[in-house]
Amino acid sequence: MTALIFDMDGVIIDSNPMHRESWVAFNRRYGLETTEEMHQFMYGKRNDQIVRGFYGDGITAEEVEARGRAKERLYREMIAGRTETMLVPGLRAFLERHRDLPMGVGSNAEPRNVAFVLEEAGLRRYFRAVVDGHQVRHPKPHPEVYLRVAELLKTEPANCIVFEDSHSGAAAAVEAGMRVIGLCTTYVNLPGAVLTIDNFLSGELESWLQAQMPSV
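Please read all numbers here as calculations on a predicted model, not as lab measurements.

Student: What am I meant to see in the overall build of the chain here?
Tutor: Helix and strand counts for the chain come out as 10 helices and six strands. Relative to a compact globule of 216 residues, whose C-alpha radius of gyration would be 17 Å, the chain shows 17 Å and is just as compact. Dimensions of the chain, computed from C-alpha atoms along their principal axes, come out at roughly 55 × 30 × 30 Å. Put simply, the chain has 216 residues, and 54% of those count as buried. A sequence separation of at least 24 residues applies to 66% of the contacts in the chain between residues at least 6 apart. Total accessible area on the chain stands at roughly 9,700 Å², and carbon and sulfur atoms take up 49% of it. Of the charged side chains in the chain, 24 are positive and 30 negative, and the gap between their average positions amounts to 4 Å.

Student: Whenever I open this one, helix H7 (residues 111-120) confuses me. Can you help?
Tutor: Count 3.6 residues to each turn of an α-helix, and residues three or four apart come out pointing the same way. Turning to H7, its buried residues are Asn 113, Val 114, Val 117 and Leu 118. The buried residues of H7 all sit within an arc of 120° when viewed along its axis, so they share a single face. Turned more than 90 degrees away from the buried face of H7 sit Arg 112 and Glu 119, all of them exposed. Where H7 is buried, its residues meet helix H1 (16-28), helix H4 (61-79), strand S2 (103-106) and strand S3 (129-131). Note on H7: the residue one or two positions beyond its end, Gly 122, has a positive phi of about 70°.

Student: How should the pattern of salt bridges be read in this particular structure?
Tutor: Where charged atoms of side chains with opposite charge meet at close range, the side chains can pair. Taken as a whole and judged by the stated rule, the model has 12 salt bridges. Across the pair Glu 33 and Arg 28 runs a salt bridge, and its minimum N-O distance is 3.3 Å. For Glu 72, the salt bridge identified is with Lys 71, shortest N-O distance 3.1 Å. Exposure remark for Glu 72: the relative accessible area of 4% places this residue in the buried category. Given the relative accessible area of 0%, Lys 71 is considered buried. Linked through salt bridges whose partners overlap, the residues forming this network are Asp 7, Lys 140 and Glu 164.

Student: Help me out: how do you make sense of the pairing of S2 in this one?
Tutor: The two faces of the sheet receive side chains in turn, since in a regular strand these alternate between them. Alternating residues of S2 divide into Met 103 and Val 105 and Gly 104 and Gly 106, and every residue in both groups is buried. On the question of chirality, the crossover connecting S2 to the parallel S3 by way of H7 is right-handed.

Student: So what exactly am I meant to see when it comes to the nonpolar core here?
Tutor: Generally speaking, nonpolar side chains in soluble globular proteins are found buried as a group. In this structure, Phe 6, Ile 12, Leu 123, Phe 127, Phe 163 and Phe 200 are the most contacted members of the largest nonpolar core, which totals 72 residues. In terms of residue count, H4 provides more of this core than any other element does, six residues in total.

Student: Got a minute to help me understand unusual backbone geometry in this structure?
Tutor: Most peptide bonds are trans, and most residues other than glycine sit at a negative phi. With an omega dihedral of 15°, the bond running from Lys 140 to Pro 141 counts as a cis peptide bond. Following the sequence through the fold, Pro 141 ends up in the loop between S3 and helix H8 (144-153). Its identity as a non-glycine residue notwithstanding, Lys 154 has a phi of 55°, on the positive side. On the secondary structure map, Lys 154 appears in the loop between H8 and strand S4 (160-164). Take Lys 154: its relative accessible area is 76%, and that puts it in the exposed class.

Student: Could you clarify how one ought to interpret the environment of Gln 49 in this entry?
Tutor: With respect to the helices and strands, the residue Gln 49 is situated in helix H3 (residues 47-55). For the pair formed by Gln 49 and Arg 137, sequence separation is 88 residues and the distance between their alpha carbons is 13 Å. Beyond its immediate chain neighbours, meaning those up to four positions away, Gln 49 contacts Phe 41, Pro 139 and Lys 140. Within polar-contact distance, the side chain of Gln 49 engages the backbone nitrogen of Arg 46 at 2.8 Å.

Student: Looking at this model, I keep getting lost on the packing of aromatic side chains. Mind explaining?
Tutor: Centre-to-centre distance and the angle between the planes together describe a pair of aromatic rings. Counting across every chain of the model gives 13 aromatic pairs. Ring geometry for Tyr 30 against Tyr 55: centres 5.5 Å apart, planes inclined by 70°, an arrangement best described as edge-to-face. Of the two residues, Tyr 30 is situated in the loop between H1 and helix H2 (36-42) and Tyr 55 in helix H3; the sequence distance between them amounts to 25 residues. Take Tyr 30: its relative accessible area is 39%, and that puts it in the partly exposed class. A relative accessible area of 18% places Tyr 55 in the buried class. Ring centres of Phe 163 and Phe 200 lie 5.3 Å apart, and the angle between their planes is 50°; this geometry places the pair in the tilted category. You can see Phe 163 sitting in strand S4 and its partner Phe 200 sitting in the loop between strand S6 (193-197) and helix H10 (203-212), a full 37 residues away along the chain. A relative accessible area of 0% means that Phe 163 is categorised as buried. The buried category is assigned to Phe 200, whose relative accessible area is 1%. By way of ring pairs, the aromatic residues Trp 23, Phe 26, Tyr 30, Phe 41, Phe 54 and Tyr 55 are connected into one cluster. A cation over an aromatic ring shows up here: Lys 45 above the ring of Phe 41, its NZ or CZ 4.5 Å from the ring centre.

Parameters at a glance
- Residues numbered from 1 in each chain as written.
- Predicted model: local features only at pLDDT ≥ 70, side-chain atom pairs only at ≥ 80, totals over all residues.
- Heavy atoms only, no water.
- Helix = DSSP H or I, 4+ residues; strand = E, 2+ residues; numbered from the N terminus.
- Rg over C-alpha atoms; globule rule 2.2 N^0.38 Å.
- Buried < 20%, exposed > 50% of the residue type's maximum accessible area, 1.4 Å probe, protein only.
- Contact = heavy atoms within 4.5 Å.
- Areas by Shrake-Rupley, 256 points an atom, 1.4 Å probe, with all protein chains shown as cover.
- Lys, Arg positive; Asp, Glu negative; His and termini not counted.
- Charge placed at Lys NZ, Arg CZ, Asp CG, Glu CD.
- Arc of directions from axis to C-beta.
- Salt bridge = Lys/Arg side-chain N within 4 Å of Asp/Glu carboxyl O.
- Right-handed = clockwise from strand over helix to strand, strands pointing away.
- Core = buried A, V, L, I, M, F, W, Y, C linked by side-chain atoms within 4.5 Å.
- Polar contact = N/O pair within 3.5 Å; in protein donor to acceptor, adjacent residues only side chain to side chain.
- Phe/Tyr/Trp six-rings, centres within 6.5 Å; stacked < 30°, edge-to-face > 60°.
- Lys NZ or Arg CZ within 6 Å of the ring centre and 35° of its normal.

Right, here's the structure in full:
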């Protein structure tokens, strides 16, 4: 059976604008102004990579972890009560329509962020497997996240369809041997995507899925 796997930020929730805003506010605590180049660097990466990229390798591992936790706490405070309005259009109906398929989440995001969004939006029941960036040794663009989700879903990678919005995420899915559907929430075109859509309201998406899975 075909499985559907979803990234979190930019796929389930259109969170990049709030991540940008929270990074700006957080970095100012340390006198650091966040540039557009820094924002672009942030997309699709795990927090330890982002913190080291912003603040350099001179800070300790403990400080990297502490700053990452503090920033994500600020982010959750900023989105509390707003997750429903931030969901990518059409997502909830899409999940309900395909709820009989094995579905999972594979994200580089912090565990508390993943749990917060899924619980606050009431989406957790749709996913048989949830793997975050701290449950694997190697974050995206390494394929480990997606291979672990496929393993938990008991589905061969070739039978997995991944919804992604970032270059690192798309690269991870392709390396895992999965097909990628790209969402335009972050980039217009993702290398390796077999289909590109604006959101889950796309009629083209359903037509494509019907062609892959006649029983859907």
